[in-house]
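Next come the chains, spelled out residue by residue.
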Amino acid sequence: MIREFAKNIVRLWASSGDRSVTVAKVDKSTWRCAPCLGPLVLRYEVYAWDLSVRAAYLDTTRGYFNGTSVFLKIHGKEHYPQVVEIRSPVGEAYSEWRVATALPREDAPPLGYGSYRAADYDELIDHPVEMGIFSLATFEACGYPHDIAVTGRHRADMKRLCRDLKLICEQHIRFFGEPPPMERYLFLVTAVGSGYGGLEHRASCSLLCGRDDLPRLNQQEVSEKYRTFLGLCSHEYFHVWNVKRIKPAAFASYDLAKENYTTSLWAFEGITSYYQNLQLLRCGLINAADYLELLGQAITRVWRGGGRFKQSLAESSFDAWIKFYKQDENAPNAIVNYYSKGALAALALDLLVRRGTGNTHSLDDVMRALWKRYGGGGAGVPEDGVERLAEEISGLGLQEFFDTVIRGVEDPPLAELLPQFGVKFELRPAESAADHGGRRAKETADKLARRPVLGIRLAESGAEAKLAHVYDGGAAQQAGLAAGDIIVAVDDLRVTRANLDSLLAAYDAGEVVTVHAFRRDELMKYNVVLQTPPIDTCVLALMEDIDGAVRARRVAWLGTA
Ligand SMILES: [Zn+2]
């Protein structure tokens with residue numbers, strides 16, 4: 001997405017010596033200064049109040065910025081070394097502040113203020129900077145220093161974090177081959193009440209998480225929330241190779257002012273999403289049952305989106321600029337997520353290669369070959385590069401798979417493939433709106449099949465039952481309800497966000513209910529024929545009665561007999 005960071009430049013002025021220099025705006029993010037003699041000094045004010053991982057934030061407790069939000073690019077001098085001097089805010093209140101960044105230090109002491117240097121503008125904007133009071137811990141992965149800085153109030157077990165992140169980092173480093181492609185690495189973590197997000201960089205990543213996602217002292221197990229956090233760390237760290245260095249050709253030299261088109265984001269985000277959890281299993285942080293639960297949830301997420309039959313992964317990548325990153329209420333009906341379906345495509349590709357080569361090769365070999373061939377920079381991976389290399393490494397004809405699952409709108413053939421790897425693939429109806437799949441249902445199959453559904457998703461905040469999404473072909477849409485409608489009654493009983501599910505539970509699929517809803521503040525009435533729930537919730541389990549060949553495949557893939 002074009003983020004339009006220039007919108008936060010409040011004002012800008014230029015001088016040379018003691019003379020002011022005229023500045024003219026050329027386009028929305030470009031300024032031209034009049035010629036001058038001697039050094040040109042530009043001063044500008046940036047509004048920084050974005051708590052996400054991608055922009056800049058400043059208050060009395062901390063400062064955080066990505067170079068993209070604060071550093072202007074000097075036209076024609078992008079390739080020059082760039083020096084940044086970071087100064088302390090003035091005042092006693094800030095005397096304890098430190099600086100955490102992977103930006104190479106010039107004269108700044110470790111964690112201190114002073115000057116930092118980047119080889120060029122590209123590097124300058126690829127090292128986010130955190131300033132403030134944060135917890136810091138250090139560990140080594142394959143002998144290389146890694147820091148983790150946690151900002152925000154928290155009671156995390158920093159030793160535990162180091163121990164677990166070390167396992168993940170070493171797993172990824174050894175996967176691609178030692179040594180890692182950076183001298184040191186920094187995890188910048190911001191803990192908030194609830195939040196989730198990550199952004200990868202060449203030698204660091206910025207993560208946003210809930211403070212409850214972090215492990216507490218004396219917490220032995222990997223909780224579901226901590227597992228999600230570890231998955232996020234694993235994801236961004238895998239990007240050190242896949243996308244920061246193995247890049248699509250379209251990203252080999254970005255034009256930051258306009259869209260850079262590629263059809264292969266599924267490979268960079270999807271393959272990364274596949275490995276983020278598989279590597280947690282391989283390094284022992286989760287077990288096979290946990291892994292299959294996560295995989296079942298991932299399949300459920302994808303299987304619930306009707307848009308996957310309208311948009312291919314290749315199209316989703318290409319149009320990410322205007323669709324995936326600009327989602328509206330119709331997104332589930334119109335687009336496919338190249339992260340989640342991409343991860344399932346990566347899984348299917350891995351299994352196809354393993355099956356076709358009798359376990360001698362896998363997607364691991366394809367990734368290592370991509371790293372060897374394209375990791376050193378240069379022209380980047382051509383649009384058909386992943387497909388060509390997968391065929392070359394496996395010796396298999398994979399065009400049909402790419403034509404149907406990547407360029408077409410077919411589901412990855414997991415129902416067929418997983419049992420051949422000793423994993424039972426089951427689909428069932430959802431038990432409730434909060435059922436994300438991955439687990440056995442508590443209700444009987446018979447009862448689940450009769451559960452009435454409206455074919456909607458409610459907005460997640462507020463007390464009202466506001467429709468966030470209305471699914472194509474669902475009961476609500478058939479009756480004329482639309483996204484944004486606020487349901488106030490079902491058969492004349494008051495509806496809230498909290499009670500809609502339990503009110504509907506009194507009915508059977510096939511029955512007709514009267515729904516009152518507000519649209520544009522006008523009260524509307526609909527007769528809704530309740531539908532049977534879609535069979536879209538996936539549960540995976542290890543199969544017990546399997547033959548030797550199947551068992552051998554499962555051992556090679558999951559390490560589980
Ligand atoms: Zn990613």
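(A) Layout of the sheet that holds strand 12 (residues 135-141). Taken together, five strands build an open sheet; the order of strands is 12-13-14-16-15 and the sheet is mixed. At either end of the open sheet lies a strand with only one pairing partner, and these are strand 12 and strand 15 (196-200). Within the sheet, the average angular offset between the axes of one strand and its neighbour, ignoring direction, is 15 degrees. Both strand 12 and strand 13 (residues 144-151) contribute to a ladder of seven bridges, which runs antiparallel. Directly across from F139, in strand 13, lies its bridge partner H146. The strands touched by helix 3 (residues 158-176) within the sheet are strand 12, strand 13 and strand 14 (185-192), with strand 12 carrying the most contacts at an inclination of about 35 degrees.

(B) Here's a closer look at the coordination of the zinc ion. Within the protein, the atoms that donate to the zinc ion are H235 (NE2), H239 (NE2), E269 (OE) and E269 (OE), at distances of 2.0 to 2.8 Å. Its four donor atoms give the zinc ion angles of 51 to 149 degrees at the centre, a pattern that matches the irregular case.

(C) The arrangement of the packing of helix 3 against helix 4 (residues 224-238) in detail. Orientation of helix 3 relative to helix 4, taken along the N-to-C sense of each, is 35 degrees, at an axis distance of 10 Å. Considering only the axes of helix 3 and helix 4, their crossing is right-handed. Facing R160, L161, D164, L165, I168, C169, H172, I173, F175 and F176 of helix 3, the residues of helix 4 in contact are Y226, F229, L230, C233, S234, Y237 and F238. Across the contact of helix 3 with helix 4, the residue classes tally to 13 nonpolar, two polar and two charged.

(D) Structural view of the nonpolar core. Ranked by internal contacts, the top residues of the largest apolar core, which has 104 residues, are I148, F187, W266, Y274, Y291 and W557. Residues contacting F187, with those up to four places away along its chain left out, are F139, D147, I148, A149, L165, C169, C205, L207, C233 and Y237. Counting 22 residues, the second largest nonpolar core, distinct from the first, contains L454, A475, V495 and V513.

(E) Seen up close, unusual backbone geometry. The residue after E178, namely P179, is reached through a cis peptide bond having omega -5 degrees. When you line up the elements, P179 lands in the loop between helix 3 and strand 14. Here the phi dihedral of R520 falls at roughly 50 degrees; this positive angle occurs in a residue that is not glycine. In this structure, R520 sits in the loop between strand 22 (512-519) and strand 23 (522-529).

(F) Seen up close, the pairing of strand 8 (residues 82-86). Going residue by residue along strand 8, you find Q82, V84 and I86 tucked away on one face and V83 and E85 left uncovered on the opposite face. Bridge count for strand 8 against strand 10 (residues 114-118) is five bridges, and the pairing is antiparallel. Of the residues in strand 10, the one forming a bridge with I86 is G114.

Calculation rules
Residues numbered from 1 in each chain as written. Predicted model: local features only at pLDDT ≥ 70, side-chain atom pairs only at ≥ 80, totals over all residues. Heavy atoms only, no water. Pairing = 2+ DSSP bridges. Helix = DSSP H or I, 4+ residues; strand = E, 2+ residues; numbered from the N terminus. Axes fitted to C-alpha atoms, helices over the stretch in contact; angles between N-to-C directions. Contact = heavy atoms within 4.5 Å. Donors = N, O, S within 2.8 Å, 3.2 Å for Na, K, Ca; no water. Tetrahedral: all angles 85-135°; square planar, octahedral: opposite > 155°, others 65-115°. Left-handed = near helix turned anticlockwise from the far one by under 90°. Nonpolar A, V, L, I, M, F, W, Y, C, P; charged D, E, K, R; others polar. Core = buried A, V, L, I, M, F, W, Y, C linked by side-chain atoms within 4.5 Å. Buried < 20%, exposed > 50% of the residue type's maximum accessible area, 1.4 Å probe, protein only.

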